[in-house]
Amino acid sequence: MIKQPLSILIIEDNAGLAANIYDYLEACGHHPDAAPDGESGLGLLAINRYDAIVLDWMMPRMDGMTMLGRLRQDMKSRIPVIVLTAKDQLEHKLHGFLTGADDYVVKPVALAELEIRLRVLVQRTRGAVAESQVLEVADLRFDLGTLEVSRAGKVLAMTPVRRQLLELLMRRSPALVRREELETLIWKDDVPDNDVLRSHMHMLRKAVDGDAPRKLLKTIAGSGYRLGLSDE
């Protein structure tokens, strides 16, 4: 695990909590900086280099998810981000991860755990061969920048809903993704009574697999779906 000091930006509107995190990280030998909202945080990111960000979700002027979206989409930054929030429902976690969060810590914060998570995230990022906005499973490719999905070089037509489902399946590949997670991702707390998910997955399978000799999208009866080759 990384032992050298890290430069960490804390974006948190609660002055007391921000000070506690700042003091703890500084006592651990790191170099923290702080901003009270997303807009101020983006200003610091434009002029300083940081190894990681601790980002509060609910803030004035610019909330954490808006700021994270701009960081990923506009600034094209892949700096590790831990989202710090009281929101612990599954739908909020999914939203955070799909917006670009790398990790998620629910308040109240265990400072020792937060510091370890920061070290692990930075190590993982530095160990990556290359930064990429492209998800790949076998010959299936999803460019998150252009939203283009292709298989074996052929561009696939995707609706926004099926694109969201595919992104989550690719991020979790080859693991099982339970149907409740997929339903929550699309419909939040208002899941339709009829089995609309099955219809979307049927059309997604048709688009992804089509006439391909090796099928990627699999239904796990009674559980959910997984994306990957059968030998993974």
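Every chain is numbered independently, its residues counted from 1 as its sequence is written. The predicted origin of the model limits local features to residues at a pLDDT of at least 70 and limits the giving and counting of side-chain atom pairs to 80 or more, whereas totals for whole chains, interfaces and linings rest on all residues. Working from all heavy atoms in the structure, the side-chain values ignore hydrogens and water.

## With respect to the overall build of the chain
Here is step 1: Broken down by element type, the chain carries 8 helices and 12 strands.
Here is step 2: Considered along the principal axes of its C-alpha atoms, the chain spans approximately 55 × 40 × 30 Å.
Here is step 3: Any residue under 20% of the maximum accessible area for its type is buried, any over 50% is exposed, and the rest in between are partly exposed; the area is computed with a 1.4 Å probe on protein chains only. Expressed as a percentage of its 232 residues, the buried residues of the chain come to 45%.
Here is step 4: Taking all contacts inside the chain whose residues are at least 6 apart in sequence as the whole, residues at least 24 apart take part in 59%.
Here is step 5: For the area figures, the Shrake-Rupley method with a 1.4 Å probe applies, and any residue is considered shielded solely by the protein chains shown. Total accessible area computed for the chain in this model is approximately 11,800 Å², and 51% of it derives from carbon and sulfur atoms.
Here is step 6: The averaged location of the 34 negative side-chain charges in the chain is 7 Å from the averaged location of its 31 positive side-chain charges. What counts as a helix is a DSSP run of H or I of at least four residues, what counts as a strand is a run of E of at least two, and both are numbered from the N terminus. Contacts: residue pairs with any heavy atoms within 4.5 Å of one another. In this tally Asp and Glu are treated as negative and Lys and Arg as positive; neither His nor the chain ends contributes. The location of each charge is read from NZ of Lys, CZ of Arg, CG of Asp or CD of Glu.

## Points about the domain arrangement of the chain
Here is step 1: Partitioning the chain into structural domains gives domain 1 (7–130) and domain 2 (133–227).
Here is step 2: Across the boundary between the two partners, domain 1 contributes 7 residues, which contact 9 residues of domain 2.
Here is step 3: Summed over both partners, the accessible area (1.4 Å probe) lost when two parts come together is defined as the buried area. At the boundary of domain 1 with domain 2, total buried surface from both sides reaches about 870 Å², with 61% on carbon and sulfur atoms.
Here is step 4: Three residues, Glu91, Leu94 and Leu98, lead the burial of domain 1 against domain 2; their summed loss comes to 63% of the area buried on that side.
Here is step 5: Salt bridges, as used here, are contacts in which a Lys or Arg side-chain nitrogen is within 4 Å of a carboxyl oxygen on Asp or Glu. Seen at the junction of domain 1 and domain 2, the total is 0 salt bridges.
Here is step 6: Only Asp, Glu, Lys and Arg are considered charged, only Ala, Val, Leu, Ile, Met, Phe, Trp, Tyr, Cys and Pro nonpolar, and every remaining residue, Gly among them, polar. The residue makeup of the side of domain 1 that touches domain 2, split by class, is 3 nonpolar, no polar and 4 charged. How far each domain reaches was decided by an automatic or database domain assignment.

## Regarding the pairing of strand β1 (residues 7–11)
Here is step 1: The element β1 is largely enclosed, with a buried count of 5 among its 5 residues.
Here is step 2: Neither face of β1 is exposed, since Ser7, Leu9 and Ile11 on one face and Ile8 and Ile10 on the opposite face are all buried.
Here is step 3: Looking at chain direction, β1 and strand β2 (residues 31–35) are connected through 5 bridges and run parallel. By the bridge assignment for β2, Leu9 is matched with Asp33.
Here is step 4: In this fold, the crossover linking β1 to β2 by way of helix α1 (residues 15–27) has right-handed handedness. Think of it this way: DSSP has to see at least two bridges between two strands before they count as a pair. With the strands pointing away from the viewer, any crossover whose connection runs clockwise from the first strand over the helix to the second is right-handed.

## Observations concerning the nonpolar core
Here is step 1: Residues enter a nonpolar core if they are buried and are Ala, Val, Leu, Ile, Met, Phe, Trp, Tyr or Cys, with the set joined through side-chain atoms within 4.5 Å. Counting residues in hydrophobic clusters, the biggest one holds 28 residues, and the most contacted among them are Leu140, Leu166, Leu169, Met170, Met201, Leu204 and Leu227.
Here is step 2: Here this core gets 5 residues from one element, more than from any other, and that element is helix α6 (residues 160–172).
Here is step 3: Aside from chain neighbours lying at most four places away, what touches Leu227 is Val137, Leu140, Leu166, Leu169, Met170, Ser173, Pro174, Leu216 and Leu217.
Here is step 4: Grouped together as the second largest cluster of nonpolar side chains are 21 residues, Ile11, Leu42, Leu71 and Val83 included.

## Observations regarding the sheet that holds strand β10 (residues 176–178)
Here is step 1: Strands sit in the order β10-β12-β11 across an open sheet of 3 strands; the sheet is antiparallel. Where the open sheet ends on each side, the last strands, each with one partner, are β10 and β11 (217–220). Within the sheet, the average angular offset between the axes of one strand and its neighbour, ignoring direction, is 30°.
Here is step 2: Sheet analysis places β10 next to strand β12 (residues 224–227), joined by 3 bridges and oriented antiparallel. Within β12, the position partnered with Val177 by the bridge is Tyr225. Interaxial angle, 0 to 180 degrees, is taken between N-to-C directions of lines fitted to C-alpha atoms, where a helix line uses only the stretch in contact.

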